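# Descriptive structure summary
Spelled out from the first residue to the last, the chains are:
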Amino acid sequence: MAARKATSKPAAAKPNVSAEELTAYYKDMLLIRRFEEKAGQLYGMGLIGGFCHLYIGQEAVVVGLEAAAKEGDKRITSYRDHGHMLACGMDPNGVMAELTGREGGYSKGKGGSMHMFSKEKHFYGGHGIVAAQVPLGAGLAFADKYKGNDNVTFTYFGDGAANQGQVYEAYNMAELWNLPCVFVIENNQYAMGTSTKRSTHSPSYWERGAAYGIKGEEVDGMDVLAVKAAGEKAVEVCRAGKGPYILEIKTYRYRGHSMSDPAKYRTREEVQKMRDERDPIEAVRSMLLTGKHATEDDLKAIDKEIKEVVNASAEFAKESPEPALDELWTDIYA
Amino acid sequence: MATEILMPALSPTMEEGTLAKWLVKEGDTVSSGDIMAEIETDKATMEFEAVDEGIIGKILIAEGTEGVKVNTAIAVLLEEGEDASAVPTSAPVEAPAPSESPVEVAGGEIPWPLKPAEVAIAATLEPDWPEGTAMKQQTVREALRDGMAEEMRRDDTVFLMGEEVAEYQGAYKISQGMLDEFGDKRVIDTPITEHGFAGIGVGAAFGGLRPIVEFMTFNFAMQAIDHIINSAAKTLYMSGGQMGAPMVFRGPNGAAARVGAQHSQDYAAWYMQVPGLKVVMPYSASDAKGLMKTAIRDDNPVIFLENEILYGKTFDVPDLEDYTVPFGKARIWREGTDVTIVSFGIGMTYALEAADKLAEDGISAEVIDLRTLRPMDTASIINSVMKTNRCVTVEEGWPQGSVGSYISSVIMQEAFDYLDAPVITCTGKDVPMPYAANLEKHALITTDEVVAAVKQVTYR
């Protein structure tokens, strides 16, 4: 089983990726990071309320997997969902305006950070109950199989959710019925404040799939190219009608579980070491520079462009009006 | 351009905090993600990170300062080459408060609707089929199967899943013959895993199918209730109308016979409480069929509460190609002038028996079958109570927070002046269902209790 492990070192230049693709991943990851930093700032200003779970540090997971997706593929995740939405092409303005609870948000301000959807981009939420999205994702895959198309559903969940019973109910049926579902375990090592070591004696999460006959592998989630390569393999299995596949993606969140988490369960040094040595964006940045695919000036221009997009989303989210009071009563029934 | 760094809110409830410690000093360069300060909130000490890069030009609030209001400027961040002295400091920015639209209370009326407007069609004594329609005798069991099968012939996105629905032909034989007709792609046996298959059903509905999820009984749906409520009922609202779950959750509900506490609960009042769900609880075979067809066509999640004892009961069913019954329309089974008896599902058995007995004593009872509990045809109840001035509700569920409690409150609010007696809610007893035959009989509502309640409200 160890043979399945993907390489963990970001190579200086991988032959299977073009400069354009690498630049695109850089942009997509940077957009997520800058967006999340801005969301944290707006939260601090009281413009975003309630719970707000940031994705900073985990960017390579969604960007790598989106690189393996095609039009028609679906995705569904938990409440740490801003990165997934940006990666699948949802409009930053609409996402940020949902965070501020405004009319211009994806759910007209009625969903908030944890409950956002886009039918157009096949993003099925945004779910606030830990692990509920896992059978829901298997159900989306069920629908595609029933209709006879070759779409795949990416069902994301964390290491915390991986201990919920419904995950294994979903695994069992997904394999039994050969559902085209990629189960993506984003293992950021902490379920809120409980480290994986304190919540399970299982050596790994993906191996639990073996109990149901589901293949899988562990992936270095700080390396966008490793994620993409693993995603392509998983998707190929699913599209070929060979049932679900599990990717356990080892990643790390730099921020607390939510905005109000002081993160005292780990040391500052642990976080800093990850940032200094394994940052997924820095890794691509260095690949672009050492491979002479981009100059410092090119990257500065990208940074500026991203900053403008994010600032514009914050402006939009501040200026978009609150939903009309009538909205209280709409969308309860179709 | 110089920017002010503001005191952040670091929890959903924080209004002010202590600036415990600065980890940077004036003149330091910071970049995005660097920790600048430690701030004590009402719950914890938090690290405060820089968002923008720049140079700390001036620290405005010294470390150790308590009670610093959220959004007060605590430092000034400069871009390269800027001078701190040139920066004017502003007053604290007020956190945006939600806009408060004044609610006018005119004439003592409640200024908001208690619930969104629902379409109710006045209930009548006339049946839901045209005059002269040929009738056939069918059990509720057969009617439910015919309703599902007709809709599956009509729409190939409809499928049935659940425990023992296919090869076993249904634990209660509701899906008898359906595997043969529709095949195993559309009539699907699941493992015993309610939480999981309910979630898969909801996901399939998000994905464009119309699942019918059978629970062997609704007692087992408690394992799945998170998906029924959090995933199915709320998603349309949470997505701003983009996607919902057009599907039916169905199965027997309430007490059967001698199966004890864990297999004998009536969930009508539970599900009826949830916005986003529709709740159906038929009594007769024609309603079971017509409402099942409507439920499958409905674009919302529908809870369809059947009853094991009613499965084998025979009724007239109209022999029509496409017979549907609308939601939100009660059925008047019997007209009367002295009292209104409101019930639904198996409760109708007691209501109708009681009405027969009462007639022998010269009391004329009007009997209303709600058929759907959400939307509920309260207009027909009110109309009837305005005529009879008395009301008794009948159900098998528990008394506290019962369907009858809700009906009683609606009558109080909308027809108080018409009442000549307090509404009595006849319910099951406030106990887990006992196994012993004699105790079980007493735990359920009885016809005699309904008769006694009517005599009480009619002062006989």
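Computed from a predicted model, the values in this text were never measured in an experiment.

## Focus on the overall build of chain A
- From N to C terminus, chain A includes eleven helices and eight strands.
- A globule of 334 residues ought to have a C-alpha radius of gyration of about 20 Å, and chain A, at 19 Å, matches this closely.
- Seen through its C-alpha atoms, chain A measures out along the principal axes to roughly 55 × 50 × 40 Å.
- Looking at the 334 residues of chain A, the share that counts as buried comes to 58%.

## What about the overall build of chain B?
- When you go through chain B residue by residue, the secondary structure sums to 13 helices and 22 strands.
- Its C-alpha radius of gyration of 30 Å places chain B more than 25% over the 23 Å reference for a compact globule of 460 residues.
- Among the 460 residues that make up chain B, the fraction classed as buried is 49%.
- Counting only contacts in chain B whose residues sit at least 6 apart along the sequence, the fraction spanning at least 24 positions is 74%.

## A few points about the nonpolar core
- In terms of nonpolar packing, the biggest core is built from 228 residues, with V182 of chain A together with I341, V392, V450 and V454 of chain B touching the most fellow members.
- No other element matches the eleven residues that helix 1 (residues 19-44) of chain A contributes to this core.

## Examining the domain arrangement of chain B
- Assigned domains of chain B: these are domain 1 (3-84), domain 2 (135-318) and domain 3 (331-457).
- For domain 1 of chain B and domain 3 of chain B, the distance between their C-alpha centres works out to 65 Å.

## Here's the deal with the interface of chain B and chain A
- The interface of chain B with chain A comprises 54 residues on the first partner and 51 residues on the second.
- Among the elements that make up the side of chain B that touches chain A, the one with the highest residue count is helix 3 (residues 194-206) of chain B (ten residues).
- Tallied by class, the residues present in the side of chain B that touches chain A amount to 25 nonpolar, 26 polar and three charged.

## Side note on the environment of G112 of chain A
Residues and elements named next belong to chain A.
- Mapped onto the elements, G112 comes out in the loop between helix 4 (92-99) and strand 2 (123-126).
- The class of G112 is buried, set by 22 C-beta atoms lying within 10 Å.
- Spatially, the C-alpha atom of G112 lies 23 Å from that of I306, the residues being 194 residues apart in sequence.
- Residue contacts for G112: discarding those within four places in its chain leaves G50, E98 and G101.

## Some details on helix 4 (residues 225-233) of chain B
- Taken together, the buried positions of helix 4 of chain B are H227, I228, S231, A232 and A233 of chain B. Buried residues along helix 4 of chain B cover an arc of 160 degrees about the axis, so they all sit on one side.

## Concerning the pairing of strand 18 (residues 339-343) of chain B
Residues and elements named next belong to chain B.
- Across the five residues of strand 18, five count as buried, placing the element largely inside the fold.
- Covered by surrounding structure in strand 18 are V339, I341 and S343 together with T340 and V342, the residues of both alternating faces.
- Inspection of the sheet shows strand 18 paired to strand 19 (residues 365-369) by five bridges, in the parallel sense. Looking across to strand 19, one finds that I341 is bridged to V367.
- Here strand 18 pairs with strand 21 (residues 391-394) via three bridges, running parallel.

## What about the pairing of strand 5 (residues 45-49) of chain B?
Residue and element names in this part refer to chain B.
- By the bridge criterion, five bridges tie strand 4 (residues 35-40) to strand 5 in an arrangement that is antiparallel. Across the sheet, A37 pairs through a bridge with F48, a residue of strand 5.
- Counting the residues that bridge the hairpin from strand 4 to strand 5 gives four residues.

## Overview of helix 3 of chain B
- Here helix 3 of chain B spans 18 Å end to end across 13 residues, near enough to the 18 Å set by a 1.5 Å rise per residue.
- Count one or two residues on from helix 3 of chain B and you reach G208 of chain B, which has phi positive near 105 degrees.

## Brief notes about the sheet that holds strand 1 (residues 3-6) of chain B
- What the four strands build is an open sheet, ordered 1-8-6-3 (chain B); its pairing is antiparallel. With one partner strand each, in any of the chains shown, strand 1 and strand 3 (29-30) of chain B form the two edges of the open sheet.

## Details of the sheet that holds strand 13 (residues 247-252) of chain B
All names here are of chain B.
- One open sheet accounts for seven strands, arranged 11-10-12-13-15-14-20; its pairing is mixed. Because the sheet does not close on itself, it has two edges, and the strands there are strand 11 (187-189) and strand 20 (372-374). Each neighbouring strand pair of the sheet contributes to a mean axis angle of 20 degrees, computed without reference to strand direction.
- With three bridges joining them, strand 12 (residues 210-214) and strand 13 adopt parallel strand pairing. The partner of I212 across the bridge, within strand 13, is V248.
- Helix 3 contacts strand 10 (158-162), strand 12 and strand 13 of the sheet and is inclined by roughly 165 degrees relative to strand 12.

## Some remarks on unusual backbone geometry
Residues and elements named next belong to chain B.
- Cis geometry is adopted by the peptide bond preceding P375, which originates at R374 and carries an omega value of 0 degrees.
- The phi torsion at Q169 lies on the positive side, around 75 degrees, for a residue other than glycine.
- As for its placement among the helices and strands, Q169 is situated in the loop between strand 10 and helix 2 (178-182).
- Judged by the 18 C-beta atoms lying within 10 Å of it, Q169 is partly exposed.
- Although it is not a glycine, K173 sits at a positive phi angle of roughly 65 degrees.
- As for its placement among the helices and strands, K173 is situated in the loop between strand 10 and helix 2.

## Some remarks on the environment of G81 of chain B
All names here are of chain B.
- You can see G81 is positioned in the loop between strand 8 (73-78) and strand 9 (135-139).
- In this structure G81 comes out as exposed when scored by C-beta crowding, with 6 C-beta atoms within 10 Å.
- Through-space distance from the C-alpha of G81 to that of D377 is 73 Å; in sequence the pair is 296 residues apart.

## Re the environment of L125 of chain B
All names here are of chain B.
- Of note, L125 is situated in the loop between strand 8 and strand 9.
- Here L125 falls in the exposed class, since 10 other C-beta atoms lie within 10 Å of it.
- In this structure, L125 is in contact with I332 and E335, ignoring residues within four places of it in sequence.

## Focus on the packing of helix 1 of chain A against helix 11 (residues 296-319) of chain A
Residue and element names in this part refer to chain A.
- Where helix 1 meets helix 11, the closest approach of the two axes is 9 Å, and the angle between their N-to-C directions is 40 degrees. As the angle between them shows, helix 1 and helix 11 are arranged oblique. Two packed elements cross with a definite hand, and for helix 1 against helix 11 that hand is right-handed. Counted together, Y26, K27, L30, L31, R34, F35, K38 and L42 of helix 1 and I302, D303, I306, K307, V309, V310, S313 and A314 of helix 11 form the full contact between these two elements.

## What to know about the confidence of the model for chain A
- Averaged over every residue, the pLDDT of chain A is 94; residues scoring 70 or more account for 96%.
- Confidence drops under pLDDT 50 across residues 1-13 of chain A; counting only partners more than four residues distant or on other chains, this segment forms 22 contacts.

## Brief notes about the packing of helix 1 of chain A against helix 2 (residues 59-66) of chain A
Residues and elements named next belong to chain A.
- Following both chains from N to C, one finds helix 1 and helix 2 inclined at 140 degrees, their axes separated by 9 Å at the closest point. If you check the angle between helix 1 and helix 2, you find them oblique. Crossing of helix 1 over helix 2 shows right-handed handedness. Note on element contacts: helix 2 touches helix 1 through E59, A60 and V63, opposite Y25, D28, M29, I32 and R33.
- When the residues that make up the contact of helix 1 with helix 2 are grouped by side-chain class, the tally is five nonpolar, no polar and three charged.

Quick notes on the rules
Residues numbered from 1 in each chain as written. Chains lettered and ligands numbered in written order. Predicted model: local features only at pLDDT ≥ 70, side-chain atom pairs only at ≥ 80, totals over all residues. Helix = DSSP H or I, 4+ residues; strand = E, 2+ residues; numbered from the N terminus. Rg over C-alpha atoms; globule rule 2.2 N^0.38 Å. Buried ≥ 20, exposed ≤ 12 C-beta atoms within 10 Å, placed from the backbone. Contact = placed C-beta atoms within 7 Å. Core = buried A, V, L, I, M, F, W, Y, C linked by C-beta atoms within 7 Å. Domains from an automatic or database assignment. Nonpolar A, V, L, I, M, F, W, Y, C, P; charged D, E, K, R; others polar. Arc of directions from axis to C-beta. Pairing = 2+ DSSP bridges. Expected span 1.5 Å × (residues − 1). Axes fitted to C-alpha atoms, helices over the stretch in contact; angles between N-to-C directions. Parallel < 35°, antiparallel > 145°, perpendicular 65-115°, else oblique. Left-handed = near helix turned anticlockwise from the far one by under 90°. pLDDT = per-residue confidence, 0-100.

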